[in-house]
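Overview (structure and organization)
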Amino acid sequence: MNELSNRLTDLEQQTFERLEAAIAENESAAMAYVDDLTQIRDQRLYREKYPTWEIYCSTRWGKSARAITFSIAANKVRHQLADADPSIRKHASETSDRTALALKNMKPKRQKSVLKRAIKIAKGKPITPSHIAQAARPHSQGSTIQNLADTYFLNSTPSKPPKTCPTCNRPL
């Protein structure tokens with residue numbers, strides 16, 4: 001890359017400095033600082049001082065680019081959930097990255113219903129990926145078929161075994 005393409009405009013430089021200051025100040029507020037990192041990554045605002053996203057993440061923040069990208073993906077799920085339903089906003093914002101990513105490959109409507117069920121399963125404790133997995137089970141096709149089979153066999157009347165001779169076990 002030539003030096004001109006890495007040069008930030010004055011506005012980009014101001015944005016970069018503002019975002020980095022906000023990240024340093026709010027590192028404990030996960031959603032806020034990850035939003036700032038997302039903007040830095042998407043606009044490549046690191047490019048003047050750091051040649052790559054990977055080098056920027058490790059040098060500036062002491063974290064791997066993979067870990068930060070993981071947090072960005074989890075944050076996207078949190079935002080979808082918070083925007084979808086006010087009743088789950090608090091829980092969505094408090095989920096760990098791993099828990100949020102357990103919902104990543106679901107459609108937004110399903111994410112919302114699975115999270116609501118996971119909240120009930122967790123019974124006031126922090127929601128974990130295993131709560132998400134447990135809450136998602138009835139929504140999967142395999143378990144639906146299993147539920148139908150269980151319902152059929154559990155609700156059908158069992159047939160009586162044929163009567164047999166007590167000594168030789170031959171049918172009577």
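Residues numbered from 1 in each chain as written. Predicted model: local features only at pLDDT ≥ 70, side-chain atom pairs only at ≥ 80, totals over all residues. Heavy atoms only, no water.

Considering all chains together, one arrives at five aromatic pairs under this definition. Plain terms: the ring middles of Phe16 and Tyr56 are 6.0 Å apart, the flat faces sit at 50° to each other, and that makes the pair tilted. Pair noted here: Phe16 is in helix 2 (residues 10-25) and Tyr56 is in helix 4 (residues 53-61), with a separation of 40 residues, a long-range link. Ring centres of Tyr46 and Tyr56 lie 5.7 Å apart, and the angle between their planes is 20°; on these two criteria the pair is classed as stacked. Residue Tyr46 is located in the loop between helix 3 (30-42) and helix 4, and its partner Tyr56 is located in helix 4; the two are separated by ten residues in the primary sequence. Side by side, Tyr46 and Tyr56 carry an identical accessibility label, which is buried. The side chain of Arg60 reaches across the aromatic face of Trp61, ending 4.2 Å from its centre. (Phe/Tyr/Trp six-rings, centres within 6.5 Å; stacked < 30°, edge-to-face > 60°. Helix = DSSP H or I, 4+ residues; strand = E, 2+ residues; numbered from the N terminus. Buried < 20%, exposed > 50% of the residue type's maximum accessible area, 1.4 Å probe, protein only. Lys NZ or Arg CZ within 6 Å of the ring centre and 35° of its normal.)

Inspection of the secondary structure assignment puts Gln13 in helix 2. For Gln13, a relative accessible area of 17% gives the class buried. When near neighbours in sequence (up to four residues on either side) are disregarded, Gln13 contacts Leu8 and Glu48. (Contact = heavy atoms within 4.5 Å.)

This part covers the packing of helix 8 (residues 108-122) against helix 9 (residues 129-136). Relative to each other, helix 8 and helix 9 sit at 115°, their axes nearing to 8 Å. When the axes of helix 8 and helix 9 are compared, the pair comes out roughly perpendicular. Here helix 8 runs over helix 9; the crossing is right-handed. Contacts from Arg110, Val114, Leu115, Arg117, Ala118, Ile121 and Ala122 of helix 8 reach helix 9 at His131, Ile132, Gln134, Ala135 and Ala136. The residue inventory of the contact of helix 8 with helix 9, partitioned by class, reads eight nonpolar, two polar and two charged. (Axes fitted to C-alpha atoms, helices over the stretch in contact; angles between N-to-C directions. Parallel < 35°, antiparallel > 145°, perpendicular 65-115°, else oblique. Left-handed = near helix turned anticlockwise from the far one by under 90°. Nonpolar A, V, L, I, M, F, W, Y, C, P; charged D, E, K, R; others polar.)

Let's shift gears to helix 8. Taking 1.5 Å as the rise per residue, helix 8 with 15 residues should run 21 Å; its terminal C-alpha atoms sit 21 Å apart, in good agreement. Listing the buried residues of helix 8 in full gives Gln111, Val114, Leu115, Ala118, Ile119 and Ala122. Buried residues along helix 8 cover an arc of 145° about the axis, so they all sit on one side. Relative to its buried face, helix 8 has exposed residues pointing more than 90 degrees away, namely Lys109 and Lys120. (Expected span 1.5 Å × (residues − 1). Arc of directions from axis to C-beta.)

A side chain of one charge can pair with a side chain of the opposite charge when the charged atoms of the two come close. Taken as a whole, this structure holds six salt bridges when the rule is applied. Notably, a salt bridge pairs Glu20 with Arg60, separated by 3.1 Å at the nearest N-O pair. You can see Glu20 sitting in helix 2 and its partner Arg60 sitting in helix 4, a full 40 residues away along the chain. Look at Glu20 and you get buried, because its relative accessible area is 10%. Between Asp42 and Arg41 there is a salt bridge, and its shortest N-O distance comes to 3.0 Å. (Salt bridge = Lys/Arg side-chain N within 4 Å of Asp/Glu carboxyl O.)

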